[in-house]
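Here is what each chain is made of, one letter per residue.
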Amino acid sequence: MALVVHKYGGTSMGSIDRIKNVARRVAKWHNAGHQVVVVPSAMSGETNRLIGLAKEIMPEPDQRELDMVTSTGEQVSVGLLSMALMQQGKQAVSFTGWQVPVKTDTSHTKARIQSIDEEKIRENLDAGKVVIIAGFQGISEDGNITTLGRGGSDTSAVAVAAALKASECLIYTDVDGVYTTDPRVVTDARRLKKITFEEMLEMASLGSKVLQTRSVELAGNYHVPTRVLSSMTDPDIPLEEEAKSGTLITFEEDSHMEQTVISGIAFSRDEAKITVVGVPDRPGIASRILGAIASANIEVDMIIQNQSINGKTDFTFTVPRPDYNRAMDLLNNQIKAEIGATDIIGDAKVSKVSAIGIGMRSHVGVASKMFGTLSEEGINILMISTSEIKISVIIDEKYMELAVRALHKAFGLEQM
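Residues numbered from 1 in each chain as written. Predicted model: local features only at pLDDT ≥ 70, side-chain atom pairs only at ≥ 80, totals over all residues. Heavy atoms only, no water.

Thoughts on the overall build of the protein
Then, number 1: A count of helical and extended segments in the protein gives 14 helices and 18 strands.
Then, number 2: Over its C-alpha atoms the protein spans a radius of gyration of 23 Å, differing by no more than 12% from the 22 Å that the globule rule assigns to 416 residues.
Then, number 3: In terms of its C-alpha atoms, the protein occupies a principal-axis envelope of roughly 75 × 50 × 35 Å.
Then, number 4: When burial is assessed residue by residue, the protein has 53% of its 416 residues classed as buried.
Then, number 5: For the protein, the distance from the average position of its 43 positive side-chain charges to the average position of its 53 negative side-chain charges is 2 Å. (Helix = DSSP H or I, 4+ residues; strand = E, 2+ residues; numbered from the N terminus. Rg over C-alpha atoms; globule rule 2.2 N^0.38 Å. Buried < 20%, exposed > 50% of the residue type's maximum accessible area, 1.4 Å probe, protein only. Lys, Arg positive; Asp, Glu negative; His and termini not counted. Charge placed at Lys NZ, Arg CZ, Asp CG, Glu CD.)

Here we look at the nonpolar core
Then, number 1: Val5, Val37, Ile121 and Met200 are the most contacted members of the largest nonpolar core, which totals 42 residues.
Then, number 2: Ranked by the residues each element gives to this core, the list is headed by helix H6 (residues 152-164), at eight residues.
Then, number 3: Discounting residues that sit within four places of it in the chain, Val37 has contacts with Val4, Val5, His6, Ile121, Leu125, Val131, Ile133, Val160 and Leu164. (Core = buried A, V, L, I, M, F, W, Y, C linked by side-chain atoms within 4.5 Å. Contact = heavy atoms within 4.5 Å.)

Examining the side chain of Thr155
Then, number 1: Locating Thr155 in the fold gives a position in helix H6.
Then, number 2: Judged by relative accessible area, which is 2%, Thr155 ranks as buried.

Some remarks on the packing of aromatic side chains
Then, number 1: By the definition in use, this model includes two aromatic pairs.
Then, number 2: Between Tyr8 and Tyr172, the aromatic rings sit 4.6 Å apart at their centres with planes inclined by 10°, giving stacked as the arrangement. Here Tyr172 lies in strand E9 (residues 168-173) and Tyr8 lies in strand E1 (residues 3-8), a separation of 164 residues in the sequence.
Then, number 3: Plain terms: the ring middles of Phe315 and Phe317 are 6.0 Å apart, the flat faces sit at 55° to each other, and that makes the pair tilted. (Phe/Tyr/Trp six-rings, centres within 6.5 Å; stacked < 30°, edge-to-face > 60°.)

Brief notes about the sheet that holds strand E8 (residues 145-147)
Then, number 1: Strand order in the open sheet formed by four strands is E5-E4-E7-E8, with mixed pairing between adjacent strands. The outermost strands of the open sheet, each flanked by one partner alone, are strand E5 (113-116) and E8. With strand direction ignored, the average angle separating the axes of adjacent strands in the sheet is 45°.
Then, number 2: The pairing of strand E4 (residues 102-104) with E5 spans three bridges and is classified as antiparallel. Considered in E5, the bridge of Val102 is made with Ile116. (Pairing = 2+ DSSP bridges. Axes fitted to C-alpha atoms, helices over the stretch in contact; angles between N-to-C directions.)

Examining the pairing of strand E13 (residues 264-280)
Then, number 1: Where burial is concerned, most of E13 is hidden: 14 out of the 17 residues are buried.
Then, number 2: In the sheet, E13 pairs with strand E16 (residues 343-356) via 11 bridges, with the strands oriented antiparallel. Note on E16: the bridge partner recorded for Ser268 is Lys352.
Then, number 3: One ladder, built from eight bridges, connects E13 with strand E15 (residues 312-320); its direction is antiparallel. Looking at the pairing, Glu271 lines up with Pro320 of E15.

Section: the pattern of salt bridges
Then, number 1: Tallied over the full model, the rule gives 17 salt bridges.
Then, number 2: Between Glu242 and Arg25 there is a salt bridge; the shortest N-O distance is 2.8 Å. Placement of Glu242 in helix H9 (residues 239-243) and of Arg25 in helix H1 (residues 16-31) is noted, with a sequence separation of 217 residues between them. The residues Glu242 and Arg25 share a single accessibility class, namely buried. (Salt bridge = Lys/Arg side-chain N within 4 Å of Asp/Glu carboxyl O.)

Re the packing of helix H3 (residues 63-70) against helix H4 (residues 72-87)
Then, number 1: Contact pair H3 / H4: the axes reach a minimum separation of 5 Å and the direction vectors enclose 20°. In terms of their interaxial angle, H3 and H4 are classed as roughly parallel. Between H3, through Met68, Val69 and Thr70, and H4, the contact on the second element is made entirely by Thr72, Gly73 and Glu74.
Then, number 2: Of the residues in the contact of H3 with H4, the class split is two nonpolar, three polar and one charged. (Parallel < 35°, antiparallel > 145°, perpendicular 65-115°, else oblique. Nonpolar A, V, L, I, M, F, W, Y, C, P; charged D, E, K, R; others polar.)

A short note on the side chain of Ser215
Then, number 1: Take Ser215: it is sitting in helix H8 (residues 213-221).
Then, number 2: For Ser215, a relative accessible area of 2% corresponds to the buried category.
Then, number 3: With residues up to four places along the chain from it excluded, the contact list for Ser215 reads Asp154, Thr155 and Val158.

A closer look at unusual backbone geometry
Then, number 1: Between Val100 and the following residue, Pro101, the backbone shows a cis peptide bond with an omega angle of -5°.
Then, number 2: At Phe136, a residue that is not glycine, the phi angle is positive and equals roughly 75°.
Then, number 3: You can see Phe136 is positioned in the loop between strand E6 (130-133) and strand E7 (137-140).
Then, number 4: The residue His223 is not glycine, and still its phi comes out positive at about 50°.

Concerning the sheet that holds strand E14 (residues 303-305)
Then, number 1: Across the sheet, which stays open at both edges, the six strands sit in the order E14-E15-E13-E16-E18-E17 with antiparallel pairing between neighbours. At either end of the open sheet lies a strand with only one pairing partner, and these are E14 and strand E17 (383-387). Shown here is a sheet whose adjacent strand axes are inclined to one another by a mean of 25°, direction ignored.
Then, number 2: The pairing of E16 with strand E18 (residues 390-396) spans seven bridges and is classified as antiparallel. The residue of E18 that forms the bridge with Ser354 is Ser392.
Then, number 3: Against the sheet, helix H12 (residues 324-339) contacts E13, E15 and E16, and its axis sits at roughly 125° relative to E16.
Then, number 4: In this fold helix H13 (residues 366-376) packs onto E16, E17 and E18, with an angle of close to 20° to the strand it touches most, E18.

Put into structure tokens, the structure is as follows:
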């Protein structure tokens, strides 16, 4: 039978009863003859609790020590799940990221996986055991525990599946798949049976909270078949039914996908816009601004540079809202005077809304329809960014939900 990787999120691991249910589900797959590796998150709310404790002692926690603290949440999860499986009559063994080891770079709180040593995993699988590996964590080349950032257990699971050449990576969550948009915003949002990796990557990077962006990148790069499905169903439902449920993230585009112009509407509330005003229009200025931001480990998303007037231009970009104050301080204190900018202005109350679909490649008029719909609702567009399969706009955050509902309806996503 197949080697499969299961990933369970914090909600799925949120109580002892839910951990017992996870154990029953995993045991069902193992009883069917599959080799099973499980990558669980910390129990729901635990990582936030640990961060809160750290901040009570040190308002801006040392990053290395913060990783030491937050990595313990997953260590508790793997131990409890291993014991729950033993109670199901299964041989099980748990490992932390540093025991495997999952090797990462040295970027504390945002580390990237470099390699996974699969020897210990395969040895225990071959012995008939269920192997449980702590998500979200690894060990750097200098021997320090690292964490992968929020949602990092998704990335851990896909990386393990890639290393083991698993037949499928099943991401169990508290939702039953990937939807055309967030059902909490649009009540008639529809679950997708399939979505391409390209579309899923755009949705994840543009605000969908179903999967961490880096996990989708990994799955696409290493061709790991990935399925998003619910852990809230009865753990004893027939395996054949469960294995076909949820949303399959696929490599192949079928004819129906091409006929569908837009597959989903993604959004992100946590955006901030920064404008460097009166920048000298000469080579190297953009590099100096963005280089400083990158050195501070702040991600930049949308970028606009206005046309030069009298040798001056304005340079606008977006950053995650949690990084807004840090980016503004850096620009005001280190960059403004150096490059001769007139001012640094920002707006931390903006949101991003995006229309995504591989059908854009073969259909015209998507941008016109999107901009026309927003105009009819009286929503002003502050920034625009496009790619082959998506159009994103920055708007005032107070109009975000209105924009999502209007676009979802305009593209007929509730009827497909």
